[in-house]
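# Summary of structural features
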Amino acid sequence: MIEAPPFRDGRLHIGLTGGIASGKSTVARLFAERGVPVIDTDQVARQVVEPGQPALEEITRLFGPEVLDADGRLDRAALRARVFRDEPARRQLEALLHPLILAATVQQVEAADGLYQVIVAPLLVEFGLAGWVDRVLVVDCPAEMQLERLMARDGSDEELARSILAAQASREQRLAAADDVITNDGPRESLEAAVAVLDGLYRDIARDGDRDRPGVRLP
Ligand code: ADP
């Protein structure tokens, strides 16, 4: 569980989550194509460690200059290797980064326009952040399909892909936190229709303020 600062803009905030390679980015892109502001916490996580940001200085102080590349940028692979199997170091890194990522996300959300916003947060359920957003949208698909897509997209071997999946929340845990669900086990084209339905629902909710409408399962 981590503490997240509240949103103060009073708008509707949709948390989009799902296991790795379930199709979150694909769904997020479809919302963006419909003009919905999308704030991706993975992107924010990269922004907060850009050169010149205080986080990068602190990371260098904690873990040494070997986590920087020749241009002085964070070498993410080197940092991952440094904290891999070093639980206290990983905790230290997370304690530094998570509040910064969440605060920067809130800032970007408040600066964005739109009737509602989609916040992509891959680890929303793992971090106990379901209550941070107004509704949780889960992109769900069978684990075997996730593995196939992950191996095809990132070229990872099966063992690595399985270990990444094992470290994340289970399908059941994620679905238990969901308000709305897109089951992404069919053709890509059916995602478009699903996003169109949800976009309509979220616009309605944003207008009438009833955030507790029953969940929708699509397609
Ligand atoms: P995530 O953001 O959840 O990690 P992505 O949106 O990147 O997942 O999807 C993982 C991979 O699977 C990508 O290569 C994407 O193009 C592909 N993909 C997503 N949805 C489908 C689908 N319905 N059919 C086939 N491939 C898909």
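This is a predicted model, so every value here is computed, not measured.

This brings us to the packing of aromatic side chains. Counted according to the given criterion, the structure contains four aromatic pairs. Arranged with centres 4.8 Å apart and planes meeting at 25°, the rings of Phe7 and Trp132 form a pair that is stacked. Note that Phe7 is positioned in the segment before β1 (12-18) and Trp132 in the loop between β3 (116-120) and β4 (135-140), a separation of 125 residues in sequence. The class of Phe7 is buried, set by a relative accessible area of 13%. On the accessibility criterion, Trp132 (11% relative accessible area) is buried. Consider the rings of Phe31 and Tyr202, whose centres lie 6.3 Å apart with planes at 20°: the pair is stacked. Of this pair, Phe31 sits in helix α1 (residues 24-33) while Tyr202 sits in helix α9 (residues 189-208); the two residues are 171 residues apart in sequence, bridging distant segments of the chain. Judged on exposure class, the residue Phe31 and its partner Tyr202 are both buried. A network of ring pairs unites the aromatic residues Phe31, Tyr116 and Tyr202 as a single cluster.

A word on the nonpolar core. Within the largest apolar cluster, 34 residues are counted, with the highest numbers of intra-cluster contacts made by Ile59, Phe63, Leu79, Leu97 and Trp132. Counting residues per element, this core draws most heavily on helix α5 (residues 87-111), at nine residues.

Moving on, we get to the packing of helix α3 (residues 54-63) against α5. Orientation of α3 relative to α5, taken along the N-to-C sense of each, is 170°, at an axis distance of 11 Å. The pairing of α3 with α5 is recorded here as roughly antiparallel in orientation. Residue-level contacts link Ala55, Glu58, Ile59, Leu62 and Phe63 of α3 to Ala89, Gln92, Leu93, Leu96, Leu97 and Leu100 of α5. Its residues placed into classes, the contact of α3 with α5 shows nine nonpolar, one polar and one charged.

A few words on the site of the ligand. Neighbouring the ligand are 14 residues; Ala21, Ser25, Thr26, Arg153 and Asn184 lie closest to it. Contact distances for the ligand include 3.2 Å between an oxygen atom and a backbone N or O atom of Ser22. Take Ser25: an N or O atom from its side chain is 2.5 Å from an oxygen atom of the ligand. Bound to the protein, the ligand loses 81% of the 560 Å² it would expose on its own. Where the shell around the ligand is concerned, the elements lending two or more residues are α1 and α6 (143-154). For the shell around the ligand, the per-class residue count stands at three nonpolar, seven polar and four charged.

Attention now goes to the sheet that holds β3. Reading across the sheet, the six strands line up as β2-β3-β1-β4-β5-β6 and stay open at both edges, with parallel pairing between neighbours. The open sheet has two edge strands with one neighbour each: β2 (38-40) and β6 (217-218). In terms of strand pairing, β1 meets β4 through five bridges, oriented parallel. Within β4, the position partnered with Leu16 by the bridge is Leu137. Contacts from α9 reach β1, β3, β4, β5 (180-183) and β6 within the one sheet, and its direction differs from that of β5 by about 170°.

This paragraph deals with the environment of Ala45. Inspection of the secondary structure assignment puts Ala45 in helix α2 (residues 41-47). Taking the C-alpha atoms as reference, Ala45 lies 8.3 Å from Leu100; in sequence the two are 55 residues apart. If we ignore the near neighbours within four places in the chain, the residues touching Ala45 are Arg76 and Ile101.

Moving on: the side chain of Asp140. For Asp140, the location among the structural elements is in strand β4. Given a relative accessible area of 7%, Asp140 falls into the buried group. At 2.8 Å, the side chain of Asp140 and the side chain of Arg171 are in polar contact. In contact with Asp140, not counting residues within four places along its chain, are Arg171, Leu175, Val181, Ile182, Thr183 and Asn184.

A word on the pairing of β4. Burial analysis of β4 places six of its six residues in the buried class, which makes it a mostly covered element. In this sheet, β5 lies alongside β4 in parallel orientation, the contact comprising four bridges. Note that in β5 the partner of Val139 across the bridge is Ile182.

Conventions adopted
- Residues numbered from 1 in each chain as written.
- Predicted model: local features only at pLDDT ≥ 70, side-chain atom pairs only at ≥ 80, totals over all residues.
- Heavy atoms only, no water.
- Phe/Tyr/Trp six-rings, centres within 6.5 Å; stacked < 30°, edge-to-face > 60°.
- Helix = DSSP H or I, 4+ residues; strand = E, 2+ residues; numbered from the N terminus.
- Buried < 20%, exposed > 50% of the residue type's maximum accessible area, 1.4 Å probe, protein only.
- Core = buried A, V, L, I, M, F, W, Y, C linked by side-chain atoms within 4.5 Å.
- Axes fitted to C-alpha atoms, helices over the stretch in contact; angles between N-to-C directions.
- Parallel < 35°, antiparallel > 145°, perpendicular 65-115°, else oblique.
- Contact = heavy atoms within 4.5 Å.
- Nonpolar A, V, L, I, M, F, W, Y, C, P; charged D, E, K, R; others polar.
- Near = heavy atom within 4 Å.
- Polar contact = N/O pair within 3.5 Å; in protein donor to acceptor, adjacent residues only side chain to side chain.
- Areas by Shrake-Rupley, 256 points an atom, 1.4 Å probe, with all protein chains shown as cover.
- Pairing = 2+ DSSP bridges.

The values are spatial; any link to function lies outside them.
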